[in-house]
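# A structural walkthrough
Read off the chains here:
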Amino acid sequence: MPSIDCEDQELLEGFLAETTELLEKLDDDLVVLEKSSDDADLLNRIFRSIHTVKGASSFLGFDLLVKVTHKTEDVLNRLRKGELHVTPEIMDVILEATDLVKLLVSDIKAGDIQEREIDGTIAKLLPLLSENAAAAQTQPEAAPAAPCENPVPPVSESVAPPVINPPQEVPQAPQQKSAGDVVIKKTPPSPKPADGKGEDLSDNTTVRVDIKRLDDLMNQVGELVLERNRMIQINQNLQQVDGDKIDFNEEFGKLTKRMNFVTSELQMQVLKMRMLPVEKVFKKFPRIVRSMARDLGKEVDLQIFGEETELDRSVVDEIGDPLIHLIRNAMDHGLEGPEQRMAAGKPRVGTLVLSAVHEGNQIIINIKDDGAGIDTDRVGRKALEKGLVSEEQLAAMSQRELFDLIFLPGFSTKDKANDLSGRGVGMDVVRTNIKKLNGLIEIKSEKGQGSEFILRLPLTLAIIQSLLVEVEGEVYSIPLSSVLETLRVDQRQFHVIGGQEVLKLRDMVLPLVRLERVFRVQKREEQNDFCYVVVVGSADKRMGLVVTRLVGQQEVAIKSLGNYLANIPGIAGSTILGDGRVALIIDPVGLVENGECGSGR
Amino acid sequence: MSKALVAVNTEESRGELIQLVSFNLDQEEYGVDVLKVREIIRMPVVTRVPNTPHYVDGVINLRGKVIPIISMRKKFGLMEAENDKQTRIMVMDVDGELMGFTVDAVSEVIRISGSEIQPSPAVVASGIDQECIAGVINQADRLLVLLDLEKMFSADEKSVFGSL
């Protein structure tokens, strides 16, 4: 089946959109189901989803998909009728089947149907459809007591019970507790309607809009913002210059204010249109945590807060990967196994808290575990072993710098790489992606008590708050999200260490970058001892940018420089100032990296 | 690749009329396909962009869009000249992106037939890259060099932009 022979492209697109949506929801539902296995509504919904996928795919002639969904549906049907009961083992198989369905759907999406191996998964589903499978379930106490270290497949147990009880007699209560080693607690998002009907309703109130159109709208609003800025500036000029036309000035002043207000509102509205709840990303985590917990033999209670927090699409798309890596990290390195935890006097089940919250123009995502915490001695030793730092460097490091070592590419405390971790890639991905988003990472950790990763991300990438600075007459804009503080400093306070200018700032030694040097700005004659230092941070790095003057804070729309001027080191884009001139936006991330190279030379 | 220029090379369309915008650069006259020219503007304030090739003058604000400005003189290795009242920026569509090119002066739109375009002589003076010369138009009292701007930036150069 090399290509898709589908006459109606629109039909296919509709199928893909619907199926993708259903499958996304399905994952979430399945994990919840494991916890509340007697929720008939939930089960029915899951059943319906699979059924819909099956129906649509058979209509369009995707045979592989039909086969898998058909068997899965059968198993779900038995669950629904009460012939089977939810156990972690059954869930494993169903989840595996769902994954296979996703794979098949993504093949279709890619327009390239491959002959996938589906018999393996179907073979796992089949035993659940035999009469014996139900019998296996009639042993209510065996499964719940068994810890996950020695999972017993239900089929093998089915040999033991001589009597086949009608499944209705199976006690319900222990079944619920047997749901496995993961308990997923979800705080109900407040506005979410309780029943299915409410959800249908909310679906009807949304409209799918082409993202391109939203982008265009966003651009236009951006322009309006610029015009507004220009108007404000003209107004200011007018007020200063022309004192006598008081009436006109007053009117114009009022107009400017109103225009300012309306534009800001409009801008907010358009921004909100692009917003998605962070739930989009969060909802795949229960599933990931569950399967990881089972693989690692750990018991984890994942708590998710603030999943209704909204942020820009572009950011949502980017934070998925780093979050997965951070969660993996917490599961693999942070949380201990049940025995270890008991020995350390902690509750058997580890807690992993994932939360999102707004703070000003930022979103703060927090991943916190109550595991072993970061062992800085071990981290330091490993970094030394791997040759990532020298002994002297290590000795001079603060607690924080030691934490930061885990972000180095190639760093891992594992001696051997396994499926989950050990290659020293994950945390590097985290750092890279967060940097790309102009975000910051902060680590808090106490040995034995657990660790906490705090991500600070901008809400949107289209319009930013920025600090305008002047470098020898040229105006540059620095994203405010990366600015930590600004200082007015006497240049005589600068020190030079190994050719690198630094500034002692409290307990920190701050490397300095002279913007006029990096950007090769023509120096003007006047020599001033005082200058301004803008302290910027990117992910886990800090540095000071030396500028001539601070101009002010302004909300600016980011304009791309186009393909020809993309990737200029240290420049992230441009924006248009109130007077119509173009100002370049500094990319602190690029500068920090350049700074690193520069200091090495 | 512009349609007009493709047409030049095919036999049957030799007689087709082509419109060119002609401009001056260091005493010489050049022409580009009129369909590629979006607008012609006077010199606005140009913001310098650091760490770019020397022929990039900077960027300008073209009614809310930021576009790069390339100095034709610098790009072609000609003598630099002060901007004067005649200096113009030709905003052109190059590979789907708007770019501005500073030229000494823009003179007129001329119509020529495809058959008037001759292949460029093997050696062209004044250091202009052979690559982007699509042909030469030899009329009684004038010589016009026809440029293909899409060939102006080689693949190498495009990536150089990135690594500089």
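What you see is a predicted model; the values in this text were computed from it and never measured. (Residues numbered from 1 in each chain as written. Chains lettered and ligands numbered in written order. Predicted model: local features only at pLDDT ≥ 70, side-chain atom pairs only at ≥ 80, totals over all residues.)

Secondary structure summary: chain B contains 3 helices and 11 strands in total. N-terminal to C-terminal, the α/β element order of chain B is α-β-β-β-β-β-α-β-β-β-β-β-β-α. Excluding contacts between residues fewer than 6 apart, the proportion of contacts in chain B whose partners are at least 24 apart in sequence is 56%. (Helix = DSSP H or I, 4+ residues; strand = E, 2+ residues; numbered from the N terminus. Contact = placed C-beta atoms within 7 Å.)

Across its full length, chain A holds 22 helices and 19 strands. Buried residues in chain A amount to 35% of all 601 residues. Look at the contacts in chain A between residues 6 or more apart in sequence, and 70% of them connect residues 24 or more apart. (Buried ≥ 20, exposed ≤ 12 C-beta atoms within 10 Å, placed from the backbone.)

Moving on: the sheet that holds strand 8 (residues 105-113) of chain B. Residue and element names in this part refer to chain B. The strand order 8-1-2-11-10-9 describes an open sheet built from 6 strands, whose pairing is mixed. Each edge of the open sheet is held by one strand with a lone partner, namely strand 8 and strand 9 (117-118). Sheet topology places strand 2 (residues 28-33) next to strand 11 (residues 142-147); 3 bridges connect them, and they run parallel. When the bridges of strand 11 are listed, Glu29 appears paired with Leu144. (Pairing = 2+ DSSP bridges.)

A few words now on the nonpolar core. In terms of nonpolar packing, the biggest core is built from 77 residues, with A:Leu515 and B:Met92 touching the most fellow members. Taken domain by domain, this core gets at least three of its residues from each of domain 2 (211-273) and domain 4 (463-600) of chain A. Once residues lying within four places of it in the same chain are set aside, the contact partners of A:Leu515 are A:Val471, A:Tyr476, A:Leu545, A:Val546 and A:Val547. By size, the runner-up hydrophobic cluster in this structure holds 45 residues, among which are A:Met292, A:Leu335, A:Ile406 and A:Phe411. (Core = buried A, V, L, I, M, F, W, Y, C linked by C-beta atoms within 7 Å. Domains from an automatic or database assignment.)

All names here are of chain A. Running from amino to carboxyl end, helix 14 (residues 285-296) crosses helix 15 (residues 313-334) at an angle of 30°, the nearest separation of the two axes being 11 Å. If you check the angle between helix 14 and helix 15, you find them roughly parallel. Our pair here, helix 14 against helix 15, has a crossing hand that is right-handed. Contacts between helix 14 and helix 15 involve Phe285, Ile288, Val289, Met292, Ala293 and Leu296 on the former and, on the latter, Ile324, Ile327, Arg328, Met331 and Asp332. Tallied by class, residues from the contact of helix 14 with helix 15 come to 9 nonpolar, no polar and 2 charged. (Axes fitted to C-alpha atoms, helices over the stretch in contact; angles between N-to-C directions. Parallel < 35°, antiparallel > 145°, perpendicular 65-115°, else oblique. Left-handed = near helix turned anticlockwise from the far one by under 90°. Nonpolar A, V, L, I, M, F, W, Y, C, P; charged D, E, K, R; others polar.)

Next up on the list: the interface of chain A and chain B. At the interface, 23 residues of chain A touch 18 residues of chain B. For the side of chain A that touches chain B, the per-class residue count stands at 13 nonpolar, 5 polar and 5 charged.

Moving on, we get to the sheet that holds strand 19 (residues 582-586) of chain A. Residue and element names in this part refer to chain A. Read from one edge to the other, the open sheet built from 5 strands follows the order 17-9-10-19-18, with strand pairing classed as mixed. Edge strands, defined here as strands with exactly one partner in the open sheet, are strand 17 (549-557) and strand 18 (571-576). Ignoring which end each strand starts from, the neighbouring axes of this sheet average 35° apart. Of the strand pairs in this sheet, strand 18 and strand 19 are connected by 5 bridges, and their pairing is antiparallel.

Attention now goes to helix 14 of chain A. All names here are of chain A. The terminal C-alpha atoms of helix 14 lie 16 Å apart, and with 12 residues this matches the ideal 16 Å at 1.5 Å per residue to within 8%. Buried within helix 14 are the following residues: Phe285, Pro286, Val289, Arg290, Met292 and Ala293. Following helix 14 by one or two positions, Gly297 adopts a phi angle in the positive range, close to 70°. (Expected span 1.5 Å × (residues − 1).)

To continue, consider the pairing of strand 1 (residues 17-25) of chain B. Residues and elements named next belong to chain B. Bridge count between strand 1 and strand 8: 8 bridges; the pairing is antiparallel. The residue of strand 8 that forms the bridge with Ile18 is Ile112. If you look at the hairpin formed by strand 1 and strand 2, you'll find 2 residues sitting between the two strands, and Asp26 has a positive phi there, around 50°.

Turning to the packing of helix 15 of chain A against helix 20 (residues 426-436) of chain A, a few remarks are in order. Residues and elements named next belong to chain A. Interaxial distance between helix 15 and helix 20 falls to 9 Å at its minimum, and their mutual angle equals 145°. For the pair helix 15 and helix 20, the crossing hand works out as left-handed. Contacts between helix 15 and helix 20 pair Glu318, Asp321, Pro322, His325, Leu326, Arg328 and Asn329 from the former with Gly426, Met427, Val429, Val430, Asn433, Ile434 and Lys436 from the latter. In terms of residue class, the contact of helix 15 with helix 20 is made up of 6 nonpolar, 4 polar and 4 charged.

Most peptide bonds take the trans form, and the phi angle of most residues other than glycine is negative. If you check the backbone angles, A:Glu472 has positive phi at about 45° while not being a glycine. Looking at the secondary structure, you find A:Glu472 in the loop between strand 9 (463-471) and strand 10 (474-479). Unusually for a residue other than glycine, B:Asp26 sits at a positive phi of about 50°. Its location among the elements puts B:Asp26 in the loop between strand 1 and strand 2. You can call B:Asp26 partly exposed: it has 15 C-beta atoms within 10 Å.

On to the pairing of strand 7 (residues 440-446) of chain A. Residues and elements named next belong to chain A. One ladder, built from 7 bridges, connects strand 7 with strand 8 (residues 450-458); its direction is antiparallel. Across the sheet, Ile441 pairs through a bridge with Leu455, a residue of strand 8. Two successive antiparallel strands, strand 7 and strand 8, enclose a turn made up of 3 residues, where Gly448 displays a positive phi of approximately 85°.

A low pLDDT score tells you not to read the predicted coordinates there in detail. All names here are of chain B. Within chain B, residue pLDDT values average 78, and 79% of them lie at 70 or more. Of all helices and strands in chain B, the one with the weakest mean pLDDT is helix 1 (residues 3-9) (44), whereas strand 3 (residues 37-42) scores best (91). Scored below 50 in pLDDT, residues 1-12 makes 18 contacts in the model with residues more than four places away or belonging to other chains. For residues 159-164, every residue scores under 50 in pLDDT, and the model assigns this stretch 9 contacts once sequence neighbours within four places are set aside. Taken together, the chains of this predicted complex give a pTM of 0.53 and an interface ipTM of 0.76. (pLDDT = per-residue confidence, 0-100.)

Let us now look at the environment of A:Lys272. Residues and elements named next belong to chain A. With respect to the helices and strands, Lys272 occurs in helix 12 (residues 246-273). Residue classification places Lys272 among the exposed positions, given that 11 C-beta atoms sit within 10 Å. Spatially, the C-alpha atoms of Lys272 and Glu310 are 8.3 Å apart, while their sequence positions differ by 38 residues.

Within the secondary structure, B:Glu116 is located in the loop between strand 8 and strand 9. For the pair B:Glu116 and B:Leu17, spaced 99 residues apart in sequence, the C-alpha to C-alpha distance is 9.8 Å.

Moving on, we get to the confidence of the model for chain A. Here chain A averages 75 in pLDDT, while 79% of its residues score no lower than 70. This model gives residues 596-601 of chain A a pLDDT under 50, and the stretch forms 2 contacts once residues within four places in sequence are excluded.

It is worth spelling out helix 12 of chain A at this point. The first and last C-alpha atoms of helix 12 of chain A sit 41 Å apart over 28 residues, in line with the 40 Å expected at 1.5 Å per residue. Within helix 12 of chain A, only 1 of the 28 residues are buried, which leaves the element largely exposed.

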